[in-house]
Amino acid sequence: SAKTDGGDRLAFYCEGMEERSRSRASIALDLKSAIQNGELELYYQPQNDTRTRSLKGFEALVRWKHPERGLVSPTEFIPIAEETGLILDIGAWVLEEACTAAAAWPEQYSVAVNVSALQIAQSTLSQQVAAVLARTSLAPARLEIELTESGLIADQAHALKVVLDLKKLGVSVAMDDFGTGYSSLSTLQNFPFDKIKIDRGFIMSLTANKQSAAIVKSTILLGTSLKIPVLAEGVETEDQLSFLLQEGCQSVQGYLFGKPLRLDECIALMDSERGEKESVLPSVDLVA
Ligand code: C2E
Ligand code: MG
Ligand code: MG
Ligand code: MG
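Everything numeric here is computed off the predicted structure, so don't read it as measured data. (Residues numbered from 1 in each chain as written. Chains lettered and ligands numbered in written order. Predicted model: local features only at pLDDT ≥ 70, side-chain atom pairs only at ≥ 80, totals over all residues. Heavy atoms only, no water.)

Caption draft 1: Representation of the overall build of the protein. Within the protein, the regular secondary structure consists of 12 helices and 9 strands. Relative to its 288 residues, the protein shows a buried fraction of 42%. A separation threshold of at least 6 residues defines the contact pool for the protein, and within that pool the share at least 24 residues apart is 67%. (Helix = DSSP H or I, 4+ residues; strand = E, 2+ residues; numbered from the N terminus. Buried < 20%, exposed > 50% of the residue type's maximum accessible area, 1.4 Å probe, protein only. Contact = heavy atoms within 4.5 Å.)

As structure tokens, then:
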């Protein structure tokens, strides 16, 4: 009967939910030991100049190589890490790892690091960043901290102090996932960001959807008026790139230029960029 069917469906749904929460609990447990066991790995996604297409730097994105589950996506484990407080340990590891890596790169390349709400709430973030910069000898201007609106709304006064302290160090601060929060414009008004990252969701539908195109265009214009450079996330096609170029978006990140890379692949990419530049410029021998 219909009633039984409904009951079955309900039971099925509940089992699914139970399994999900069981897996969340076991992920939380495993995550505790993931750092000590060396299961976390940082990947680096290229960020390029829209006009010249040249490589400018990388965003560090964390990956978890779970011994049984395989590769776990940060969209799955970062929220759990935030709920359990483990994000403080993970965030400290990511910062140290990213700055250590970038300090060994040619100095024109920057590194962007994502920071969660709890790391902002913890009053020691700027001291932590200062200590890592000192330890790794990374020039502060080569580090960018990416913040989402959710990381800034809990205690605005405190968050503003943290952002100002970071900027005093010479670190730049980017607003991540612009346009997806509750009040992107007031956040932009209240915090002195050095960059606006337009969320991938708007770029994805850019060429198919007039609304998205208008929003992207307006955001770039907004950045231009505020003198804040704009980066578009999730650029996958040449059509998206030419739209962004035409509208004056400064930089881009997305599969068109590269997926997140292992550190060795990212170093190889920087080497090949240098090779390309040298082959375009006449060598000293030829000119003489
Ligand atoms: P996010 O900071 O907005 O990072 C951009 C995400 O978009 C990355 O996903 C990246 O791989 C993906 N992406 C970039 N270009 C493209 C594209 O062209 N097409 C598609 N389909 N996707 C693209 P990922 O690495 O899975 O990270 C997801 C989110 O997890 C990040 O979003 C960030 O919020 C969080 N996350 C990652 N690493 C860290 C970290 O070290 N700390 C913190 N707190 N959060 C992190
Ligand atoms: Mg980010
Ligand atoms: Mg983003
Ligand atoms: Mg995002």
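Still more ground to cover, so stick around.
Caption draft 2: A look at the side chain of Lys 195. Within the secondary structure, Lys 195 sits in strand β7 (residues 195–198). On the basis of relative accessible area, Lys 195 is assigned to the buried category, the value being 14%. Here Glu 144 takes part through its side chain, which lies 3.2 Å from a polar atom of the side chain of Lys 195. Leaving out residues up to four positions away in the same chain, Lys 195 has contacts with Gln 47, Glu 144, Val 173, Ala 174, Met 175, Ile 228, Pro 229 and Leu 231. (Polar contact = N/O pair within 3.5 Å; in protein donor to acceptor, adjacent residues only side chain to side chain.)

Caption draft 3: Quick look at the packing of aromatic side chains. If you walk through the whole model with that rule in mind, you get 4 aromatic pairs. Ring geometry for Tyr 44 versus Trp 105: centroids 5.5 Å apart, planes at 80 degrees, classification edge-to-face. Of this pair, Tyr 44 sits in strand β1 (residues 40–49) while Trp 105 sits in the loop between α3 (87–103) and β4 (110–115), and the two are 61 residues apart along the sequence. Tyr 44 gets classed as buried once you look at its relative accessible area, which sits at 1%. On the basis of relative accessibility, which here comes to 5%, the residue Trp 105 falls in the buried class. Considering the side-chain rings of Trp 64 and Phe 77, the 5.6 Å spacing of their centres and the 80 degrees angle between planes classify their relative orientation as edge-to-face. Here Trp 64, found in strand β2 (residues 55–66), pairs with Phe 77, found in helix α2 (residues 74–84); they are 13 residues apart in sequence, far enough to count as distant. Both residues of the pair, Trp 64 and Phe 77, count as buried. A connected cluster of aromatic rings, assembled from ring pairs, spans Tyr 44, Phe 58 and Trp 105. Directly above the ring of Tyr 43 sits Arg 63, whose terminal nitrogen or CZ lies 5.7 Å from the centroid. Looking at Lys 259, its charged tip hangs above the ring of Tyr 255, at a distance of 4.7 Å from the centre. (Phe/Tyr/Trp six-rings, centres within 6.5 Å; stacked < 30°, edge-to-face > 60°. Lys NZ or Arg CZ within 6 Å of the ring centre and 35° of its normal.)

Caption draft 4: Main features of the confidence of the model for the protein. Overall, the predicted model of the protein reaches an average pLDDT of 90, with 89% of residues at or above 70. Overall, residues 1–11 carries pLDDT values under 50, and its contacts beyond four positions in sequence, including any with other chains, amount to 0 contacts. Two summary scores accompany this predicted model of the complex, namely pTM at 0.91 and ipTM at 0.98. (pLDDT = per-residue confidence, 0-100.)

Caption draft 5: Layout of the nonpolar core. Membership of the largest hydrophobic core comes to 73 residues, with the highest contact counts inside it found for Trp 105, Leu 143 and Leu 244. It is α3 that contributes the most residues to this core, 8 residues altogether. Sequence-distant contacts of Leu 244, that is, excluding residues within four places in its chain, are made with Thr 50, Ile 203, Leu 206, Val 216, Ile 220, Ala 232, Val 235, Cys 249 and Val 252. (Core = buried A, V, L, I, M, F, W, Y, C linked by side-chain atoms within 4.5 Å.)

Caption draft 6: Structural detail: the coordination of the magnesium ion (ligand 2). Of the protein atoms, only Glu 59 (OE), Asn 114 (OD1), Glu 146 (OE) and Asp 176 (OD) coordinate the magnesium ion (ligand 2), at distances of 2.0 to 2.2 Å. We note that the donor set of the magnesium ion (ligand 2) lies within a single chain, spaced as E-x54-N-x31-E-x29-D. Separating the magnesium ion (ligand 2) from the magnesium ion (ligand 3) is a distance of 3.9 Å, and Asp 176 supplies a donor atom to each of them. Here Asp 176 lies in strand β6 (residues 172–178) and Glu 146 lies in strand β5 (residues 143–147), a separation of 30 residues in the sequence. Judged on exposure class, the residue Glu 146 and its partner Asp 176 are both buried. (Donors = N, O, S within 2.8 Å, 3.2 Å for Na, K, Ca; no water.)

Caption draft 7: Local environment of the pattern of salt bridges. With the rule as written, the count across this model stands at 13 salt bridges. The partner of Arg 262 in a salt bridge is Asp 264, and the shortest N-O contact between them spans 3.0 Å. Of the charged contacts, one joins Glu 265 and Arg 262 as a salt bridge, the two residues approaching to 3.8 Å between their closest N and O atoms. The exposure class of Arg 262 is partly exposed, given its relative accessible area of 32%. (Salt bridge = Lys/Arg side-chain N within 4 Å of Asp/Glu carboxyl O.)

Caption draft 8: Helix α9 (residues 210–226), seen in detail. Helix length check: α9, at 17 residues, gives a terminal C-alpha distance of 24 Å against a target of 24 Å (1.5 Å per residue), a fit within 8%. Looking only at α9, the buried set comprises Ser 212, Ala 213, Val 216, Thr 219, Ile 220 and Gly 223. Along the long axis of α9, the arc covered by the buried residues comes to 130 degrees, so they all point the same way. Exposed and oriented more than 90 degrees from the buried face of α9 are Lys 210, Gln 211, Leu 221 and Ser 225. Where α9 is buried, its residues touch β6, β7, α8 (200–204), β8 (230–232) and α10 (238–247). Positioned one or two residues after α9, Lys 227 has a phi angle of 60 degrees, which is positive. (Expected span 1.5 Å × (residues − 1). Arc of directions from axis to C-beta.)

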